[in-house]
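Here's the letter readout for the chains.
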Amino acid sequence: MGWSVFGAVDYDFTDALTLRAEARWTDETREPTAFLASGAVSRSAEDSWSLPSWRVNLRYKPAPNWTLYASVADAPKSGDFATGTVRFTDNPTVQVPVFRPYDSEEILAYELGAKAELFGGRVRTEFDVFWYDWKDQVIPNIVDEVDGRSITIPTACETNAGDATVKGAEFS
């Protein structure tokens, strides 16, 4: 459950040069609940995140069929709970619901690129270089214990893996 608000502003420096600024504020709450076969609640949890994000884009159109652009954006994604049921080795006949919380992740992204339509629009091409600074990246992870207790079958769940940098280029 949550809510968000978004706004964007464009400013034309010239007919060919435009600056766009965007901002979003999101509040999210996650409340996973596990039920027993009888329908009774066996376990629940709750966490919430307030996430501001933004993007600034500068676009230059030197000709009607050409666009050059540069952008920088900050994009967080809320955390959540990795949920499932496990059997602990000290009591393997009972399935137990588990909620493993993980924090939000955030990407600061830089991009430079060009787009063109050539030969009367019959050929469309794009080129982009990017650099992403990723904080608290969320990835699937295989775990063999939960809260210090061994489980009978290792299971996959999301977890924060740390920071990463992604650099690259795309051409199409």
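First things first, this report covers the structure right here in the doc. Please read these numbers as outputs of a predicted model, since none were measured by experiment.

Right, let's get into the overall build of the protein. Secondary structure assignment for the protein yields 0 helices and 13 strands. Since a compact globule built from 172 residues should have a radius of gyration of about 16 Å, the 23 Å found for the protein marks it as more spread out than a globular shape. Principal-axis analysis of the C-alpha atoms places the extent of the protein at approximately 70 × 30 × 30 Å. Counting over 172 residues, the protein shows a buried share of 23%. Expressed as a percentage of contacts within the protein between residues at least 6 apart in sequence, the contacts between residues at least 24 apart total 54%. A distance of 6 Å separates the average location of the 16 positive side-chain charges in the protein from that of its 27 negative side-chain charges.

This part is about the environment of Pro 97. Looking at where Pro 97 falls in the secondary structure, it is placed in strand E8 (residues 91-102). For Pro 97, a relative accessible area of 13% puts it in the buried group.

As for its placement among the helices and strands, Asp 27 is situated in strand E2 (residues 17-30). Buried charge without a salt bridge: Asp 27, with Arg 24 as the nearest opposite-charge side chain at an N-O distance of 12 Å. Here Ser 50 takes part through its side chain, which lies 2.6 Å from a polar atom of the side chain of Asp 27. Beyond its immediate stretch of four places on either side in the chain, Asp 27 contacts Met 1, Gly 2, Trp 3, Trp 49, Ser 50 and Leu 51.

When you line up the elements, Gly 162 lands in the loop between strand E12 (149-160) and strand E13 (164-171). Classification of Gly 162 by relative accessible area gives partly exposed; the value is 22%. With 24 residues separating them along the chain, Gly 162 and Val 138 place their C-alpha atoms 8.0 Å apart. Beyond its immediate chain neighbours, meaning those up to four positions away, Gly 162 contacts Trp 134, Lys 135, Asp 136 and Gln 137.

With that settled, consider the sheet that holds strand E10 (residues 123-135). Spatially, 7 strands are ordered E1-E2-E5-E6-E9-E10-E13 in an open sheet, and the strand pairing comes out antiparallel. The open sheet has two edge strands with one neighbour each: strand E1 (2-12) and E13. When the angles between neighbouring strand axes are averaged without regard to direction, this sheet yields 10 degrees. Two elements, E1 and E2, share 11 bridges in a ladder whose sense is antiparallel. Bridge pairing in E2 places Ser 4 opposite Thr 26.

One pass over the structure, following the stated rule, counts 3 aromatic pairs. For the pair Tyr 11 and Phe 13, a centre-to-centre distance of 4.9 Å together with 80 degrees between the ring planes defines the contact as edge-to-face. A centroid spacing of 5.3 Å and a plane angle of 40 degrees characterise the contact between Tyr 110 and Trp 131, whose relative ring orientation is tilted. Of this pair, Tyr 110 sits in strand E9 (residues 105-118) while Trp 131 sits in strand E10, and the two are 21 residues apart along the sequence. Residue classification places Tyr 110 among the partly exposed positions, given a relative accessible area of 36%. Positioned over the ring face of Phe 88 is Arg 149, at 3.7 Å from the centre of the ring.

On to a nonpolar patch on the surface. Side chains of Leu 112, Phe 127, Val 129 and Phe 171 sit close together on the surface and give an oily, nonpolar patch of about 400 Å² of accessible area. Inspection of the secondary structure assignment puts Val 129 in strand E10. A residue is classified by how much of its surface remains accessible, and Val 129, at 31% relative accessible area, is partly exposed.

How each quantity is defined
Here, residues in each chain are numbered from 1, in the same order as that chain's written sequence. In keeping with the predicted nature of the model, local features appear solely for residues at pLDDT of at least 70, side-chain atom pairs appear and are counted solely at 80 or more, and the whole-chain, interface and lining totals rest on all residues. Only hydrogens and water are set aside; all other atoms, that is, all heavy atoms of the structure, feed into the side-chain values. Under the scheme used here, helices are H or I runs from DSSP no shorter than 4 residues and strands are E runs no shorter than 2 residues, and both carry numbers assigned from the N terminus. When we talk radius of gyration, it's over C-alpha atoms, and the globule rule is simply 2.2 Å times the number of residues to the 0.38. Burial status follows relative accessibility: with a 1.4 Å probe on protein chains alone, a residue under 20% of its type maximum counts as buried, one over 50% as exposed, and anything between as partly exposed. Only heavy atoms matter for contacts: two residues are in contact if any of them lie within 4.5 Å across the pair. As used throughout, the charge tally considers Lys and Arg to be positive and Asp and Glu to be negative, leaving His and the chain termini uncounted. All charge positions are set by atom: Lys at NZ, Arg at CZ, Asp at CG, Glu at CD. The term salt bridge refers to a pairing of a side-chain nitrogen on Lys or Arg with a carboxyl oxygen on Asp or Glu at a separation within 4 Å. We call two N or O atoms a polar contact when they sit within 3.5 Å, provided that within protein one can donate a hydrogen and the other can accept it, with sequence-adjacent residues counted only if both atoms are side-chain atoms. Strand pairing is defined by DSSP finding a minimum of two bridges between the two strands. Geometry is summarised by axes, namely lines fitted to C-alpha atoms with helices restricted to the contacting stretch, and by angles between N-to-C directions that run from 0 to 180 degrees. The pairing test for Phe, Tyr and Trp rings, Trp by its six-membered ring, is centres within 6.5 Å, and the orientation test on the planes gives stacked under 30 degrees, edge-to-face over 60, and tilted for anything in between. In our convention, an over-ring charge means Lys NZ or Arg CZ found within 6 Å of a ring centre and within 35 degrees of that ring's normal. To count toward a patch, a residue needs a relative accessible area over 30% and no salt bridge; like charges are then connected within 9 Å, while nonpolar side chains (Val, Leu, Ile, Met, Phe, Trp, Tyr) are connected within 5 Å. Where accessible areas are quoted, they stem from the Shrake-Rupley method and a 1.4 Å probe; at the residue level, only the protein chains shown are allowed to cover.

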